[in-house]
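Observations on the three-dimensional arrangement
One-letter residues, chain by chain:
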Amino acid sequence: MTETDRRVAVFETQLKGAGLRMTQQRRLILRVLAEADDHPDAKGIFTRAFALDPTLSLSTVYRTMKVLESQGAIERHAFEDGVSRYEHAGQEHHDHLIDVDSGEVIEFSSDAIEELQRRIAAELGYELVRHRLELYGRKKQPARKNGRKSG
Ligand SMILES: [Zn+2]
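Residues numbered from 1 in each chain as written. Predicted model: local features only at pLDDT ≥ 70, side-chain atom pairs only at ≥ 80, totals over all residues.

What follows concerns the domain arrangement of the protein chain. Its domain assignment divides the protein chain into domain 1 (1–91) and domain 2 (92–140). Inter-centroid distance (C-alpha atoms) of domain 1 to domain 2 is 24 Å. Each partner contributes to the interface: domain 1 provides 7 residues, whereas domain 2 provides 8 residues. The residue makeup of the side of domain 1 that touches domain 2, split by class, is 1 nonpolar, 3 polar and 3 charged. (Domains from an automatic or database assignment. Contact = placed C-beta atoms within 7 Å. Nonpolar A, V, L, I, M, F, W, Y, C, P; charged D, E, K, R; others polar.)

Here is the structure:
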């Protein structure tokens, strides 16, 4: 069983747990989601699934995403552009850096940041339950060599 198959199986269990019937189209959406290693929005998921089944509607995608989110199967991110993006839950914790020019979402994790956040919460008298951290950045241009022509 591949990692994708395993994820699809988990999604199916969660949809059935929510009382949803498993249809071919829902299964297709689950597969597209399970295969996504980026952070697609509902339209992006729709586009990928629609390529495989042109009878699919965007509202079916929205509805399926909503159920999956309420079941904790996928995580929704609302980055600054206001578009909801999704990724499957149950991954190792990570934070996101968003490229403000391309919109690309880059994942990272830092033990130092995790520790710092725990410490800040503790100092304020709290035990940290969860957090979200988004960094917005622009790719640095490679440094120019002073006055020298490259050649
Ligand atoms: Zn992520």
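Under the local residue numbering, the UniProt record ascribes the feature "binding site: Fe cation" (unreviewed entry) to His 93, Asp 95, Glu 114 and His 131. The annotated residues occupy 39 residues of the chain but converge on a single region, no pair of C-alpha atoms lying more than 10.0 Å apart. Relative to the elements of secondary structure, His 93 occurs in the loop between strand 2 (84–88) and strand 3 (95–99). Considering the arrangement of structural elements, one finds His 131 in the loop between helix 5 (111–123) and strand 5 (134–137). (UniProt positions renumbered as here; feature names shortened; annotations may be inferred. Helix = DSSP H or I, 4+ residues; strand = E, 2+ residues; numbered from the N terminus.)

Here strand 3 pairs with strand 4 (residues 105–108) via 4 bridges, running antiparallel. Bridge pairing in strand 4 places Asp 95 opposite Phe 108. Connecting strand 3 to the antiparallel partner strand 4 that follows it, the hairpin turn spans 5 residues, and Gly 103 within it adopts a positive phi of roughly 80°. In the sheet, strand 3 pairs with strand 5 via 4 bridges, with the strands oriented parallel. Paired with Leu 97 across the bridge in strand 5 is Leu 135. (Pairing = 2+ DSSP bridges.)

The end-to-end C-alpha distance of helix 1 (residues 3–17), which contains 15 residues, comes to 21 Å, matching closely the 21 Å that a straight helix rising 1.5 Å per residue would cover. Listed as buried for helix 1 are Val 8, Phe 11 and Leu 15. For helix 1, the buried positions fall inside an angular range of 65° around the axis, keeping them on one side. Exposed side chains of helix 1 directed beyond 90 degrees from the buried face belong to Glu 3, Arg 6, Thr 13, Lys 16 and Gly 17. Buried residues along helix 1 sit in contact with helix 2 (24–35) and helix 4 (58–70). Gly 19, located one to two residues past helix 1, shows a positive phi value of around 85°. (Expected span 1.5 Å × (residues − 1). Buried ≥ 20, exposed ≤ 12 C-beta atoms within 10 Å, placed from the backbone. Arc of directions from axis to C-beta.)

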